Structures are given as structure tokens and as C-alpha cells.
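# Working through the structure, step by step
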Amino acid sequence: MAQQREQWGTRTGFVLAAVGSAIGLGNIWRFPYVAAENGGGAFFIPYLFALLTAGIPILILEFGLGQKYRGSAPLTFSKLNSKWEWLGWWQVLVCFFIAVYYAVIIAWAISFTFFGLTQAWGDNPSDFFFGTYLGLTGGPFELGGLQAGILIPLLLAWVVTFAALYSGVKGGIEKANKFFMPALFIIIIIIAIRGITLTGAADGLNYLFQPDFSKIWDYKIWTAAYGQIFFSLSVCFAIMIAYSSYLPKKSDVVNNAFITGFMDVGFSLLAGLAVFGILGHMAHVQGVGVAEVGKAGVGLAFVTFPAAINTLGAFAPVLGVLFFLSLTFAGLSSLISINEAAIAAFMDKFSLSRKKAVSIYIAVAAICSLVFATGAGLYILDIVDHFINNFGIVFAGLIQVILVGWFFNLKSIQEHVNAISDFSVGSWWIVCIKFITPIILGYMAIMNLIGDLK
Ligand code: PFF
Ligand code: NA
């Protein structure tokens, strides 16, 4: 194909897109409860360790690979070794599975942005979410109840994603992130400021940040920290390779990786302040402990949080809308990236035009995501999420660092990266890629397998 590869318009454009991929649902509803469940303040030591020994080193690796070999993940891996193309396709497959359920959670967030205006969830957000909204009284595979209510927001999520991808790297992806990212930071700062100034906020923040050092020797905290960092930075997902394949020839890699990593972690901390400040307030109003209200996962954002918003009086409509809008914006910019990873791969492989690849792929993904809009949606979502998080990502990441670290000249990548970056990486980087990351991922893989076989 003689056609020239697309390019980012500006360095900021690339960084915002990478940050846009990294900051997602994982930062707003996943990070706060994972941190709180894993020792609170004690979690931050493994978490920062994971950021510096795995998150940022792999970001540097993936930025460097994409920039040097100028291809999506399958093409890049096939250029390293003709036998490795499958690894890229595996990562693309993982992306596909994530995309189809990620879109559904964004659809919920879109609906709840509107519900937030009037607190349409009422006094019993749990019944509202599972019953009224998801219509989980019906049988499996039933498109009944308000499930139909998901269809329009789901369509909206896919239309925005389609529009951004269809318009190309510079005219679509970059533009979308130039809007989403600043808006997202402004929103989360507003919520965090209101959150930490509420009565009872201190209890919430204590719960999240008070170190529990007795837990620091528990391996689970370490695997949770590494798992959170991988998911949160979107590494080992084919995404960062695809995004950096659109970098100009002479563009910084190391500095950009540090910026992306720290922006993501910084955003998670802001989200933690916002969420636990408000949960602390609710616990205070209800006269119970924060632990009691700090429930996990899907329930935190769509059940506990609406209940917490109910306790905010005059601020309820504003914060209700802003919180779900932040989920929506964070989610959309990540959803765009997950799909781009796959679309870039198909464009490279079959020499398709962007417009054709985007149209076909998004149509297929959007139709598949309808499975989650049925009565069995939540059930399937749980299974897919578990499988992807415990096996898809861990094995894709493990194989990636072993192949590139041990069966490829890693030094050549280091030299390439150092030649184009503002500042250089030393041998610590090699140690992280060759030793620390494979050991920890290998350990996680084994523990996950054992856990599942039990
Ligand atoms: N990094 C995103 C988050 O923290 O929510 C999640 C994500 C985006 C994972 C894109 C995977 C991905 F390909
Ligand atoms: Na993230």
C-alpha cells in the first residue's frame, strides 16, 4: 500500500489521546474501591511500585515499538518476528471483548447523566438500577422492561465512537480527546472540591488513604496493584502500539510515557477524593461506617453513588449530572481507543481504507454489544470481565514481555527510544521489562489459574 500512514497533528494531540485511553471507567469506579479493599493507604506503595516498574516501562516499550515499526500490534509483532503476529491478534481479540461491554457501561452512564438531573433513581437506587432500569425481573435474553431504555444511549455511544474514528487520527481521535480531556479534568476537580469539603468527608478519605501496613505483605495487594496499573494504563492491549504508530519520525517517547502514566495516576487520586469524600458524607448522614457504604464494582457507581448524591441537598442535581458525565467522557475516549486498536490492525492487514474498516468493525461490535442489553446482560458481563481481566490481559502481557524481552534484541529498542526522546532510559528499564514484569505477571497468571481451578 503506497498510501502514507496517518499522523497526529501535534505532540499534545498524541499525549491527550494516550491519556484519554488510559483514563477511563477504571479510574472512576474501579480504582477507589480496589484501593480501599486492598489496605487503603498501604495500597499506594505497591501501586506506585507497579506504576514505575511495569506501567511506565511497558508504556515506553509500546510507544517505542509503535513509533519505530509504524504498525498496529499484529503488524508490529510480525515485523519483530514473522511468527509473532498472533500475539497482536490476541490483544485485538481482548480489545473486542472489552469494547462490547465497555460500551454498555457507558450507555448506563449516559442514561444516569439524565437521571441525575432529577434524581430519577428515587429513594431506592438498587431497585431502580437492577429492576426498573435493567429490568432484571425478566428471563434471560429478554429485551423487556426498561432494557429498551439502554438502546438509545448505547446507540449514542457507538455513534460518537464511529464519528471520531471515521474522521481519522488527526481530524477525529485527536479532536475528540482535545475536547474530552480538558472537560474531564475540570469536572473531576469540581466534584473533588465539593466532595472533600462536605461534612463527614474526612471519614471517607481516611478510609481510602489511611495506611494499613499489616496488609503490605499480602500478595493479593500486589497483584491487585499490578492488575489495576495494567488495566488503567491500557498497556498490553494493542492500543498504545496502534496510537504510537501514528507518531512522526522524530517524536519523544520517554517523556510522553511518564506524562501519560502520571496523568492517569493523578486522575485516579482526584477521583478517589471525589468518590470517597461524597461516600464519607453519606455515611455521616446515615450514621454508619464508611466501610458499610463503600461497596464494590458496578454497584459503586450505579447504586451506592446515586444514594450518596441523594444526600447532597441543593447540590444533588449538579453533582449527579457531573459525576455521570465524567464517567461518560472518560469512557468514550477509552472506547474510541479500544476500537482503534482493532481497526488499525484490520487496515494494516487487509489494506482497507479507514472508512471501510471503521464502518464494518463498528457495525459488528455495536450489534454484538446488544447481547448485554438483554436480561442476561449483567450475568454475561461478569463472566467476560472476569475472564478478560484474569486471563486475557495477564497472558497477553506475559507473553509480550517474555518475547520482546528475551527473544528479541531489547537493547535495540532502548537505543531507538533514547535517540528520539528528551531524556534517556537506563538499564533499570531493561531490568523492569526482562525480570520484574514477567515475574509478577507469571505469578499472577499462576495464582489466577489456581484460583479458578479451585
Ligand atoms: N484504561 C481504561 C480504564 O482505566 O478504564 C480501560 C481500558 C481502555 C482498558 C482501553 C483497555 C483498553 F484497551
Ligand atoms: Na485508567
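Keep in mind that this is a model prediction, so the values were computed, not measured.

A separate point is the overall build of the protein. From N to C terminus, the protein includes 19 helices and zero strands. In terms of C-alpha radius of gyration, the protein reaches 21 Å, essentially the compact-globule figure of 22 Å for 454 residues. Projecting the C-alpha coordinates of the protein onto the three principal axes gives extents of approximately 60 × 50 × 45 Å. For the protein, restricting intrachain contacts to residue pairs at least 6 apart in sequence, the fraction spanning at least 24 positions comes to 85%.

Close to ligand 1 lie 16 residues; Gly24, Gly26, Ser234, Phe237 and Ser334 are nearest. Every element with two or more residues in the shell around ligand 1 is listed here: α1 (11-22), α2 (25-37), α5 (85-118), α10 (219-233) and α15 (316-350). Split by residue class, the shell around ligand 1 holds eight nonpolar, eight polar and no charged.

Among the residues making up helix α9 (residues 201-209), those that are buried are Ala201, Gly204, Leu205, Tyr207 and Leu208. Angularly, the buried residues of α9 cover 155° about the axis, an arc narrow enough to put them on a single face. Residues of α9 that are buried sit in contact with α2, α8 (169-196), α12 (254-286) and α13 (290-293).

Core analysis: the largest hydrophobic core is formed by 165 residues, its most contacted members being Ile60, Cys95, Tyr102, Ala103, Ile106, Ala238 and Ala341. Looking at which element gives the most residues to this core, the answer is α5, with 19 residues. Among all residues touching isoleucine 60, those that are not within four sequence positions of it are Val253, Val254, Ala257, Val417, Val425 and Trp429.

In this model α15 runs 51 Å from its N-terminal to its C-terminal C-alpha over 35 residues, within 8% of the 51 Å that 1.5 Å per residue would give. Most of α15 is tucked away: 27 of the 35 residues are buried. Remark: serine 351 follows α15 within two positions and exhibits a positive phi of approximately 50°.

Let us now look at the packing of helix α3 (residues 44-69) against helix α18 (residues 410-420). The N-to-C vectors of α3 and α18 enclose an angle of 80°; their axes lie 10 Å apart at closest approach. What the angle tells us is that α3 and α18 run roughly perpendicular. The segment α3 lies against α18, with Ile60, Leu61, Gly64, Leu65 and Lys68 engaging Ile413, His416 and Val417. Here the contact of α3 with α18 is composed, by residue class, of five nonpolar, two polar and one charged.

Criteria and thresholds
- Residues numbered from 1 in each chain as written.
- Chains lettered and ligands numbered in written order.
- Predicted model: local features only at pLDDT ≥ 70, side-chain atom pairs only at ≥ 80, totals over all residues.
- Helix = DSSP H or I, 4+ residues; strand = E, 2+ residues; numbered from the N terminus.
- Rg over C-alpha atoms; globule rule 2.2 N^0.38 Å.
- Contact = placed C-beta atoms within 7 Å.
- Near = placed C-beta within 6 Å.
- Nonpolar A, V, L, I, M, F, W, Y, C, P; charged D, E, K, R; others polar.
- Buried ≥ 20, exposed ≤ 12 C-beta atoms within 10 Å, placed from the backbone.
- Arc of directions from axis to C-beta.
- Core = buried A, V, L, I, M, F, W, Y, C linked by C-beta atoms within 7 Å.
- Expected span 1.5 Å × (residues − 1).
- Axes fitted to C-alpha atoms, helices over the stretch in contact; angles between N-to-C directions.
- Parallel < 35°, antiparallel > 145°, perpendicular 65-115°, else oblique.

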